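Here is what each chain is made of, one letter per residue.
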Amino acid sequence: MEFNVKKLASDAGVFFSRAMQFTEEKLGQAEKTELDAHFENLLARADCTKNWTEKILRQTEVLLQPNPSARVEEFLYEKLDRKVPSRVTNGELLAQYMTEAANDFGPGTPYGKTLIKVGETQRRLGAAEREFIHSASINFLTPLRNFLEGDWRTISKERRILQNRRLDLDACKARLKKAKAAEAKAAAVPDFQETRPRNYVLSASASALWSDEVEKAEHELRLTQTEFDRQAEVTRLLLEGISSTHVNHLRCLHEFVESQTNYYAQCYQFMLDLQKQLGRFSGTFVGNADSTSPAPSSPAVAAATLPAVPTIPVVPTIVGVPNTVAEGVLNPNEVKPPASGTRKARVLYDYEAADSTELALLADEMITVYSLPGMDPDWLIGERGNQKGKVPVTYLELLS
């Protein structure tokens, strides 16, 4: 390998000159060219943008992937320019376990049916989470990462060049100042008390040499000043581009919020549907439970939910007269509210009636509710004007 000795010596001299200038500035022994206030504000805003973008990027990655080992693995795959392997979400893994458990317990049992229903909802939640992570990564993380790895690297590079140009400029100013001081000293009136006239000749010769040195230093200063001004303009344009970066990141932030809103809305809807499904056939599960299982404490649950209701005596079945409670078929239109024990309730969520025996609900409306002996503790009788029907307890906030 061939080396250019002259270029190597020149680069070493420039490096030494910059190091000397930087050290003297830190020690307060040399003057420093100050940038204008607007330029300094641009630099401060750029540094602030870089720092906060890094923090937001890292914390968003933690939000999307809480597992640090998984984050390190994804980072290595990205650096190696390889595709990140597909990873099962926690919801999908839970759904798999629930489905396998239901198959072992028996998919026809109440517990097995519930496991299957909940597992299916968890699978849907996991799929929604995967879609949200993918959308957030493309629309939010990628633009932030591109700024840090692209635009910011360019800005940092040009700022380093500007710093070197400023050190060169200040070093040239220092050399020119020293040359002018030496020229003035050499041009001073010689000592006429000296009998030998050679002092005057030497002084005149030294003055001419220092005059040439001053001209050379001024020429270098003009060139260095031109390079510094050109580099300052390039850096200024890049720093002013931070405004466009903020606009782009603002748009990405809106997209991130929108995808997150859709994700949580999907999760809420999935869980609401699951709650409705479990509420509709919870009574069936209780009725199909094994006889060896402990009986549900219906009276205790009802007592904790509503005030005690007078016991309705069992009337013997008469031909032609329906006995709804004895037959186990509750028709809300044929029952009457008890004399005491009714309460007001506020509806928490919208509820769509599954059949004619149920009462459809609207969120935040007020209805009257009461319980009847023999009813499933998860249900109450609700009344709204002339309308009457069964309503799930989980959709209500019982008021005192």
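Owing to the predicted nature of the structure, the values given are computational and were not obtained by experimental measurement.

Asks: Just to check I follow, could you spell out the overall build of the chain for this structure?
Replies: Looking only at helices and strands, the chain features 10 helices and 5 strands. Pairs at least 24 apart in sequence give 73% of the contacts found in the chain among residues at least 6 apart.

Asks: Could you clarify how one ought to interpret the pairing of strand 3 (residues 379–384) in this entry?
Replies: Here is the key point about a regular strand: its side chains alternate between the two faces of the sheet. Most of strand 3 is tucked away, with 5 of its 6 residues classed as buried. Bridging between strand 2 (residues 366–370) and strand 3 involves 3 bridges; their strand directions are antiparallel. Looking across to strand 3, one finds that valine 369 is bridged to glycine 382. Across 6 bridges, the pairing between strand 3 and strand 4 (residues 387–392) is antiparallel. Across the sheet, glycine 382 pairs through a bridge with glycine 389, a residue of strand 4. If you look at the hairpin formed by strand 3 and strand 4, you'll find 2 residues sitting between the two strands, and glycine 385 has a positive phi there, around 65°.

Asks: I'm lost on the nonpolar core in this one. Help?
Replies: What tends to happen in soluble globular proteins is that the nonpolar side chains get buried as a cluster. Ranked by size, the top nonpolar core spans 34 residues in total, and within it Phe132, Phe140 and Leu239 carry the most contacts. Breaking this core down by element, the ones donating at least two residues are helix 2 (37–64), helix 5 (110–186), helix 6 (198–240) and helix 7 (242–280). The biggest single contributor to this core is helix 5, with 16 residues. In this structure, phenylalanine 132 is in contact with Leu64, Phe256, Ser259, Gln260 and Tyr263, ignoring residues within four places of it in sequence. The next biggest cluster of nonpolar side chains, apart from the first, holds 17 residues, and it includes Ile367, Val369, Tyr370 and Ile381.

Asks: What is the right way to read the confidence of the model for the chain from this model?
Replies: Reading predicted coordinates in detail is not appropriate for stretches of low pLDDT. Chain-level pLDDT for the chain is 79 on average; 75% of the residues reach the 70-or-more range. The model gives residues 191–195 a pLDDT under 50, and that stretch makes 1 contact with residues more than four places away or in other chains.

Asks: Please explain helix 2 as it appears in this structure.
Replies: Helix length check: helix 2 (28 residues) gives 40 Å between terminal C-alpha atoms against 40 Å at 1.5 Å per residue, within 8%. Looking only at helix 2, the buried set comprises Phe39, Leu42, Leu43, Ala46, Thr49, Thr53, Leu57, Thr60 and Leu64. Between the side-chain oxygen of the N-cap and the backbone nitrogen of histidine 38 there are 3.2 Å, and the N-cap of helix 2 in question is aspartate 36.

Asks: Before we go on, may I ask you to explain the pattern of salt bridges in this structure?
Replies: Opposite charge on two side chains allows them to pair when their charged atoms are near. The full count for this structure, using the stated rule, is 16 salt bridges. The residue lysine 50 makes a salt bridge to glutamate 54 at a minimum N-O spacing of 3.4 Å. On the criterion of helical spacing, the pair formed by lysine 50 and glutamate 54 is a turn pair, its members being 4 residues apart in helix 2. Take glutamate 54: its relative accessible area is 24%, and that puts it in the partly exposed class. Two residues, glutamate 227 and arginine 165, come together in a salt bridge whose shortest N-O distance is 3.8 Å. Of this pair, glutamate 227 sits in helix 6 while arginine 165 is found in helix 5, placing the two residues 62 residues apart along the sequence. On the basis of relative accessible area, arginine 165 is assigned to the partly exposed category, the value being 24%. When salt bridges with common partners are traced through the structure, they connect Asp36, Glu233 and Arg236 into a single cluster.

Asks: Just to check I follow, could you spell out the packing of aromatic side chains for this structure?
Replies: For any two aromatic rings, the description comes down to two numbers: the centre-to-centre distance and the angle of the planes. Summed over the entire model, instances satisfying the criterion amount to 9 aromatic pairs. Measuring from centroid to centroid gives 5.1 Å for tyrosine 351 and tyrosine 395, while their planes differ by 65°, and the two rings are edge-to-face. Residue tyrosine 351 is located in the loop between strand 1 (343–347) and strand 2, and its partner tyrosine 395 is located in the loop between strand 4 and strand 5 (396–398); the two are separated by 44 residues in the primary sequence. Classification of tyrosine 351 by relative accessible area gives buried; the value is 4%. The cationic tip of lysine 390 hangs over the ring face of tryptophan 379; the distance from NZ or CZ to the ring centre is 5.3 Å.

Asks: Explain the packing of helix 4 (residues 90–105) against helix 5 to me, please; I cannot follow it from the model alone.
Replies: Each pair of packed helices can be summarised by the angle the axes make with each other and by the distance between the axes. In the contact formed by helix 4 and helix 5, the axes pass within 7 Å of each other and the chain directions differ by 165°. Classified by the angle between their axes, helix 4 and helix 5 sit roughly antiparallel to one another. When the axes of helix 4 and helix 5 are compared, the crossing they make is left-handed. The segment helix 4 lies against helix 5, with Gly91, Glu92, Leu94, Ala95, Met98, Ala101, Ala102 and Phe105 engaging Tyr111, Gly112, Leu115, Ile116, Val118, Gly119, Gln122, Arg123, Gly126, Ala127 and Arg130. A class-by-class count of the residues in the contact of helix 4 with helix 5 yields 11 nonpolar, 5 polar and 3 charged.

Asks: Got a minute to help me understand unusual backbone geometry in this structure?
Replies: Keep in mind that most residues, glycine aside, have a negative phi and that most peptide bonds are trans. Positive phi, normally seen in glycine, also occurs at aspartate 364, with a value near 75°. Considering the arrangement of structural elements, one finds aspartate 364 in the loop between strand 1 and strand 2. What makes aspartate 364 exposed here is its relative accessible area of 53%.

Asks: I would appreciate a short explanation of the side chain of threonine 60 in the present structure.
Replies: Tracing the backbone through its elements, the reader meets threonine 60 in helix 2. We classify threonine 60 as buried; its relative accessible area is 8%.

Asks: Looking at this model, I keep getting lost on the environment of glutamine 260. Mind explaining?
Replies: Mapping glutamine 260 onto the fold places it in helix 7. Along the backbone, glutamine 260 and glutamate 129 are 131 residues apart, and their C-alpha atoms lie at a distance of 9.5 Å. If we ignore the near neighbours within four places in the chain, the residues touching glutamine 260 are Leu63 and Phe132.

Parameters at a glance
Residues numbered from 1 in each chain as written. Predicted model: local features only at pLDDT ≥ 70, side-chain atom pairs only at ≥ 80, totals over all residues. Heavy atoms only, no water. Helix = DSSP H or I, 4+ residues; strand = E, 2+ residues; numbered from the N terminus. Contact = heavy atoms within 4.5 Å. Buried < 20%, exposed > 50% of the residue type's maximum accessible area, 1.4 Å probe, protein only. Pairing = 2+ DSSP bridges. Core = buried A, V, L, I, M, F, W, Y, C linked by side-chain atoms within 4.5 Å. pLDDT = per-residue confidence, 0-100. Expected span 1.5 Å × (residues − 1). Polar contact = N/O pair within 3.5 Å; in protein donor to acceptor, adjacent residues only side chain to side chain. Salt bridge = Lys/Arg side-chain N within 4 Å of Asp/Glu carboxyl O. Phe/Tyr/Trp six-rings, centres within 6.5 Å; stacked < 30°, edge-to-face > 60°. Lys NZ or Arg CZ within 6 Å of the ring centre and 35° of its normal. Axes fitted to C-alpha atoms, helices over the stretch in contact; angles between N-to-C directions. Parallel < 35°, antiparallel > 145°, perpendicular 65-115°, else oblique. Left-handed = near helix turned anticlockwise from the far one by under 90°. Nonpolar A, V, L, I, M, F, W, Y, C, P; charged D, E, K, R; others polar.

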